[in-house]
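Per-entry structural report
Given next are the chains, with one letter for each unit.
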Amino acid sequence: MPRVNKTKYDKPLFEYRRLICNNGFFDPLTTRISEIIRGHLHDDGPTRLLDAGCGEGSHLTKIQQNLSPCATGSLLAVGIDIAKEGIIAAATEYSNAIWCVADLAKCPFADQQFHFILNILSPANYSEFRRLMLDEGMVIKVVPERDHLIEIRDRVYEGFAKEAYSNANIRNQFKEHFTIMNVDHVRYQVNVNERLIGPLLGMTPLTWRLTAEGLLSMHSRDLRKVTMDFMILVGMK
Ligand SMILES: C[S@@+](CC[C@H](N)C(=O)[O-])C[C@H]1O[C@@H](n2cnc3c(N)ncnc32)[C@H](O)[C@@H]1O
């Protein structure tokens, strides 16, 4: 059995994340990922997609929906997450994929099963990903860029010395395991409706360091736009 540990990735966080996804905050990102996959879909046979660290499943579902019209063969989507609450939320809402509570460092699947492994804003285990990928398979990893949710980050770290943000380490580690085929950047701003401020603050680990009072005071501050800023690493064996 996987370690089903109690984390701050709990039911409310996944509900907030779902709401934010349903309001289109991640659409340009999932569209871009779908385009990348579409460019490498096979003409025949099934395509198997694994989302490692899928959370409540909206990204995988969106990508699957985007791909379905252009996939000639069948499309099998599998989402795994160590947080039981995420998988319950995914399986309750989306019946189009296999959802599984599992540790991405120890996946309950045979070797060389997947054409695409997605790893979106989640921890990775590259040796395990290599084991699971077909030889011609592809890993698509999404990491936040410097300005991701900068409007929230700046307020959370207000009064603290600003550390330079860098994801160079992540990129270097990725490079140690895969040949990088492409590095993409997706950056855009989203208008924030007042009713979505709470869900937006609640869906991100960025606000975990705030006290209850700190979080409350952020609710009352003006937050009309947020920046979404991602790097997409595409790698092969
Ligand atoms: C920031 S959330 C991102 C979730 C989803 N990809 C999204 O973008 O909405 C990080 C996710 O990684 C999951 N996670 C952390 N460690 C994991 C592990 N060892 N195995 C599987 N999932 C893990 C967490 O439970 C959480 O759902």
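Structural data are supplied above this passage.
Residues numbered from 1 in each chain as written. Predicted model: local features only at pLDDT ≥ 70, side-chain atom pairs only at ≥ 80, totals over all residues. Heavy atoms only, no water.

Things to note about the overall build of the chain
Tallying secondary structure elements over the chain gives nine helices and seven strands in all. Taken over the C-alpha trace, the chain has a radius of gyration of 18 Å; the compact-globule value for 237 residues is 18 Å, and the two agree within 12%. Across its three principal axes, the chain shows a C-alpha extent of roughly 55 × 35 × 35 Å. With 237 residues in all, the chain has 49% of them scored as buried. Taking contacts inside the chain between residues at least 6 apart in sequence as the whole, the part at least 24 apart equals 76%. Averaging the coordinates of the 28 positive side-chain charges in the chain and doing the same for the 28 negative ones gives two points 2 Å apart. (Helix = DSSP H or I, 4+ residues; strand = E, 2+ residues; numbered from the N terminus. Rg over C-alpha atoms; globule rule 2.2 N^0.38 Å. Buried < 20%, exposed > 50% of the residue type's maximum accessible area, 1.4 Å probe, protein only. Contact = heavy atoms within 4.5 Å. Lys, Arg positive; Asp, Glu negative; His and termini not counted. Charge placed at Lys NZ, Arg CZ, Asp CG, Glu CD.)

Looking at the site of the ligand
The full set close to the ligand counts 17 residues, and Arg17, Gly53, Asp81, Asp103 and Ile120 are the nearest of them. In this structure, a nitrogen atom belonging to the ligand sits 2.9 Å away from a side-chain N or O atom of Asp103. Interatomic distance of 2.8 Å between a backbone N/O atom of Ile120 and a nitrogen atom of the ligand. Isolated, the ligand exposes 590 Å² of accessible area, and the fraction of that covered by the protein chains is 92%. (Near = heavy atom within 4 Å. Polar contact = N/O pair within 3.5 Å; in protein donor to acceptor, adjacent residues only side chain to side chain. Areas by Shrake-Rupley, 256 points an atom, 1.4 Å probe, with all protein chains shown as cover.)

So, the pairing of strand β1 (residues 47-52)
For β1, a buried count of five out of six residues is recorded, marking the element as mostly surrounded by other parts of the structure. Note: β1 against strand β2 (residues 75-81), six bridges, orientation parallel. When the sheet's bridge partners are listed, Arg48 is paired in β2 with Leu76. Between the parallel pair β1 and β2, the chain is carried across by helix α3 (residues 58-67), and the sense of this crossover is right-handed. Two elements, β1 and strand β4 (residues 114-120), share three bridges in a ladder whose sense is parallel. By the bridge assignment for β4, Leu49 is matched with Phe116. (Pairing = 2+ DSSP bridges. Right-handed = clockwise from strand over helix to strand, strands pointing away.)

Considerations on the packing of helix α2 (residues 27-38) against α3
One can describe the packing of α2 onto α3 by two numbers: an axis separation of 9 Å at closest approach and a directional angle of 50°. The orientation of α2 relative to α3 falls into the category oblique. Remark: the crossing between α2 and α3 carries right-handed chirality. Facing Asp27, Thr30, Thr31, Ile33, Ser34, Ile37 and Arg38 of α2, the residues of α3 in contact are His59, Lys62, Ile63, Asn66 and Leu67. Split by residue class, the contact of α2 with α3 holds four nonpolar, five polar and three charged. (Axes fitted to C-alpha atoms, helices over the stretch in contact; angles between N-to-C directions. Parallel < 35°, antiparallel > 145°, perpendicular 65-115°, else oblique. Left-handed = near helix turned anticlockwise from the far one by under 90°. Nonpolar A, V, L, I, M, F, W, Y, C, P; charged D, E, K, R; others polar.)

Focus on the side chain of Thr227
Looking at the element boundaries, Thr227 is found in strand β7 (residues 225-236). The exposure class assigned to Thr227 is buried, which follows from its relative accessible area of 2%. Polar side-chain contacts of Thr227 include one of 2.6 Å to the side chain of Glu151. Within the local environment of Thr227, its side chain forms a polar contact with the side chain of Gln189, the two groups lying 3.1 Å apart. Residue contacts for Thr227: discarding those within four places in its chain leaves Asp147, His148, Leu149, Ile150, Glu151, Arg187, Tyr188 and Gln189.

Observations concerning the packing of aromatic side chains
Per the counting criterion, the structure on display carries ten aromatic pairs. Look at Tyr126 and Phe178: their rings are 5.6 Å apart centre to centre, the planes differ by 85°, and that puts the pair in the edge-to-face class. In this pair, Tyr126 is assigned in helix α5 (residues 126-132) and Phe178 in the loop between α7 (168-177) and β6 (179-191), connecting sequence segments 52 residues apart. There is no split in this pair, since Tyr126 and Phe178 are both buried. Summarising the aromatic geometry, the rings of Phe174 and Phe178 are spaced 5.1 Å apart at their centres and angled 45° between planes, so their arrangement reads as tilted. The burial state of Phe174 is the same as that of Phe178; both residues are buried. Through pairs of rings, three or more aromatic residues link up here, namely Tyr126, Phe129, Phe174 and Phe178. (Phe/Tyr/Trp six-rings, centres within 6.5 Å; stacked < 30°, edge-to-face > 60°.)

Some details on unusual backbone geometry
With a phi close to 50°, Gln112 is a non-glycine residue in the positive phi region. If you trace the backbone, Gln112 turns up in the loop between β3 (98-101) and β4. For Gln112, a relative accessible area of 33% translates into the label partly exposed. Its identity as a non-glycine residue notwithstanding, Leu121 has a phi of 55°, on the positive side.

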